[in-house]
Every structure is written in structure tokens, then in C-alpha cells.
Amino acid sequence: MAKLLTYEQKDTWMDRLCGVTKLIYFLAWSITSMLTYDTRVLAVMLVLSLILFKISKTEWKQVGSIFKFIMFFLVINVLAIFIFAPDQGTKIYGTKHVLWQLSAHYPITAEQLFYELNIILKYFTIIPAVFIFVVTTNPSEFAASLNRIGISYNIGYAVAIALRYIPDVQDDFHKIKNETTKSNNTYKIVQIFKKYCIESYKLCGNPPKKAVFPTIKRELKKRCMPPNQVI
């Protein structure tokens, strides 16, 4: 199973950027796309996002499942906007051109369709920026960069866990689950995953000086895999 949303070093200028620089770009890009309703601006940002995504050499296997998950919620969001605020586009643009009267309370207007088009553009503008930020940012370097600008080491370490530790354990969890029988070892997997969550919480409060990822990884394999398969 391919790792999802995890850092992989590539020979691109994006990987060589400082973690704080990427964070500033990501925040500025996201805030701009959220605040503007100018379709021309969103269209230009979308094109730039796709170009940068291509330059970052991000592979589909890294983001494909997450992208499908986001698309599912995008559809729900668009439908919810129409159900709960069918006149939002009219309020924003100040005009009303009814294209089809679905019911007394749900007219389909050109303004509403245009507004929801902008919402979709916002999603597609921000999503590549999120993927680029996550898959091109070394968690350890990013945590160190946060510490250099005055942010607590504990917070920086928690960020490093979020970007690297949890995805790695998630990947190992699926591998171990596929290699063990459903009857006897499922309980063990659940118990070890529970222990991992507790240890992660403790690490965030009192992070060690050295990485503990290999130790926990070996512990997972030792407890769940058959003796002749322990690595």
C-alpha cells in the first residue's frame, strides 16, 4: 500500500525551500483563495497551482485516495449550500436571473450557479497547495524552522509527528493487518494501535531528543507478525 501524504525527497527547487517559507506561501495562498470571489483571480491561481503541482513531481499514489475523499465532501458541500442557502449567489452579486424554478423556495439562478462554481474553484485552488506543502516539506526541518522563529519545540515536534509519524504507522498498520489472520491477530492490532495513540500523546507533551519511530515500528512487527516473519 502506498503511503499517503508523506514526505518524499525529490530533486526540485520546492524541496530545497525552507519549511517556514513553504508555510507562509501556503497560508497566503489559502487566505487569498478563500477571501476572493473574482473568478478571474481564482482561475489564474488554479492554473498556477496545477503548474506548481506538476513541478513538485508529486505522484498520484501519494494523494489519490485523499483527493477522492475531498471530492466526496466537495459534492456534499455544494449540495448543502444549495439546500440551506439557495439565494446566496443573489445576495453576493446583487442580481437575480432565474433559469429554472425547481420549487417555490428553490429557484435555480445564474448567480447561484456562478457562486457555486467559485466555491469549486476555491477547492481546486487550495487542494494542490495542500498537497505540495505536505509532500515537499521535511517534517524534521520544518519543526526546526518553527523553533528558529520562536515557536515552542513541543509544538514543532507535534507538527513533525503529524507530518511523518502518524502516516508511517498508518501504513505499517495496513501492512500488518494484511499479513495476519482475521481471527486471532485483529485484537492484537487494535491493542497495539491503542498503545501507539497513548504513546503519541505522551510524546507531544514530553518529546524525546532522538526519534523513536524505528523502535515502535519494530515493536509493531514483533507483536503482530508470525515469529518467522519478524524483521
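Each remark here, short or long, concerns the structure printed above.
Cut-off values and rules
Residues numbered from 1 in each chain as written. Predicted model: local features only at pLDDT ≥ 70, side-chain atom pairs only at ≥ 80, totals over all residues. Heavy atoms only, no water. Salt bridge = Lys/Arg side-chain N within 4 Å of Asp/Glu carboxyl O. Buried < 20%, exposed > 50% of the residue type's maximum accessible area, 1.4 Å probe, protein only. Helix = DSSP H or I, 4+ residues; strand = E, 2+ residues; numbered from the N terminus. Expected span 1.5 Å × (residues − 1). Contact = heavy atoms within 4.5 Å. Phe/Tyr/Trp six-rings, centres within 6.5 Å; stacked < 30°, edge-to-face > 60°.

(A) The pattern of salt bridges, seen in detail. Taken as a whole and judged by the stated rule, the model has 1 salt bridge. A salt bridge links R40 to D38, with the nearest nitrogen and oxygen atoms 3.0 Å apart. For D38, a relative accessible area of 27% puts it in the partly exposed group.

(B) Representation of helix α2 (residues 19–35). For α2, built from 17 residues, the straight-helix expectation of 24 Å at 1.5 Å per residue is met to within 8% by its first-to-last C-alpha distance of 24 Å. Within α2 the residues assigned to the buried category are G19, V20, K22, F26, W29, S30 and S33. The secondary structure elements touched by the buried residues of α2 are α1 (13–16), α3 (39–55), α6 (110–135) and α7 (139–148).

(C) Layout of the packing of aromatic side chains. Scanning the entire structure with this criterion turns up 10 aromatic pairs. Between the aromatic rings of F26 and F133, the centroid separation amounts to 5.3 Å while the plane-to-plane angle is 15°, which identifies the pairing as stacked. Note that F26 is positioned in helix α2 and F133 in helix α6, a separation of 107 residues in sequence. Classification of F26 by relative accessible area gives buried; the value is 17%. With centroids separated by 5.6 Å and ring planes inclined at 40°, the aromatic side chains of F82 and Y106 adopt a geometry described as tilted.

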